[in-house]
Amino acid sequence: MKRVLSGIQPSGQLTIGNYIGALSKFVKLQHDNRCFFMIVDLHAITQPQEPEALREQSESVSALYLAAGIDPSKASIFLQSHIPAHAELGWLLTTLTYMGELERMTQFKDKSSGKESIGVGLFTYPSLMAADILLYQADLIPVGDDQKQHIELTRDLAHRFNSRFGEFFTMPELYMDELGGRVMSLDDASKKMSKSNPNPASFIAMLDEPDVIRKKLSRAVTDSGREVKYDPQNKPEIANLMGIYSHFAEMSIAEIEARYEGQGYGPFKKDLAEQLVAVLEPIQQRYREIRKSGEVAGVLKKGAEEAAVIANETVLEAKKRMGFLIN
Ligand code: ATP
Ligand code: LTN
């Protein structure tokens, strides 16, 4: 069985970008692989988080994992901060990382641009992410397109460690499909849809009420044409909506083009809203039940117990190889 590992930051309400790029893949992969799905709270604090909001979002994202269909008897679901080995291996790998490598990270450049003071954690975050992955000797990493560069760095760090201290870390591979890699903002198709965007009209949250979903989609920016045709270069807004449609309706782009030929954007957007509601409403219903039941704490405890066994073993071996004295 391959080992699969991924994580989502509890930095806000999950969007359909997170669902398409990450969460829906987790659900699929859990059947045939040994899976580790984290809520990466140590990553979330690289941007300021109110303690109460961090607590609420961590529980909310955990409940959404379950509501979306991750089965805790198949996959280990846990909070990154529950396993100290993440921070520990994170530090060890930070000492193997070059400034130049981190300076090249586009996510760092995006998130720090225009800010007066930039936290060091935001800069060194990719080394912590590498630790998350290498701790479990993971083979496959299901993530969106924005994380590609971080996976490349993880591979470089694994290679660097292995050449200096002997073959140890498994080389992880990116798991991504073409259409789902990058869902764009509803108000600006040149920007990635993001849960921490201050404008809620830019994203659809997985927990948005059906009427909110309908309203946001009817107001989503499009070009002034009327042809539902997949042309990311010249019609990026419609291409983005078609990608979302294709994922939720499980229809190919060609089928969507054929269905809306000669109909204009109105009916297409309306149907897209109903496709989203059909998938998200049952998830929202389960989410409410899960929050009420209080089952999340037990799931996270079990997940952390399972994951800690592997994480502790890996960090111990990495320390031995680096020359730390071990009792
Ligand atoms: P933030 O705005 O706080 O940075 P985010 O919405 O970008 O958050 P992350 O927690 O950074 O979300 O990402 C979790 C996972 O979801 C990652 O695998 C990421 O690649 C994926 N993802 C996030 N946004 C999108 C998107 N717009 N399209 C496809 N995948 C996405
Ligand atoms: N950096 C990722 C979240 C993340 C992650 C990971 C993803 C942290 N550790 C390990 C995959 C594997 C992001 O989405 N911002």
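In the block above lies the structure referred to throughout.
Residues numbered from 1 in each chain as written. Chains lettered and ligands numbered in written order. Predicted model: local features only at pLDDT ≥ 70, side-chain atom pairs only at ≥ 80, totals over all residues. Heavy atoms only, no water.

Notes on the nonpolar core
The biggest cluster of nonpolar side chains holds 61 residues, and the ones touching the most others in it are L23, Y65, I70, I244, F268 and L276. In terms of nonpolar packing, the next biggest core, distinct from the first, is built from 41 residues, L92, L135, V143 and F161 among them. (Core = buried A, V, L, I, M, F, W, Y, C linked by side-chain atoms within 4.5 Å. Buried < 20%, exposed > 50% of the residue type's maximum accessible area, 1.4 Å probe, protein only.)

Structural notes on the site of ligand 2
Near ligand 2 lie 13 residues; those nearest to it are Q9, Y125, M129, D132 and Q147. Within the contact set of ligand 2, a nitrogen atom lies 3.0 Å away from a side-chain nitrogen or oxygen of Q9. Here a nitrogen atom of ligand 2 sits 2.5 Å away from a polar atom, N or O, in the side chain of Y125. Starting from 360 Å² of accessible surface for ligand 2 in isolation, the protein chains cover 93%. Looking at the shell around ligand 2, the elements with two or more residues in it are β1 (3–8) and α7 (120–134). Ranked by residues supplied to the shell around ligand 2, first place goes to α7 with four residues. In terms of residue class, the shell around ligand 2 is made up of seven nonpolar, five polar and one charged. (Near = heavy atom within 4 Å. Polar contact = N/O pair within 3.5 Å; in protein donor to acceptor, adjacent residues only side chain to side chain. Areas by Shrake-Rupley, 256 points an atom, 1.4 Å probe, with all protein chains shown as cover. Helix = DSSP H or I, 4+ residues; strand = E, 2+ residues; numbered from the N terminus. Nonpolar A, V, L, I, M, F, W, Y, C, P; charged D, E, K, R; others polar.)

Some remarks on the pairing of strand β3 (residues 75–79)
Judged by how many residues are buried, β3 sits mostly within the fold: five of five residues are covered. What you see with β3 is no split at all: A75, I77 and L79 on one side and S76 and F78 on the other are buried throughout. Note: strand β2 (residues 34–39) against β3, five bridges, orientation parallel. When the bridges of β3 are listed, F37 appears paired with I77. (Pairing = 2+ DSSP bridges.)

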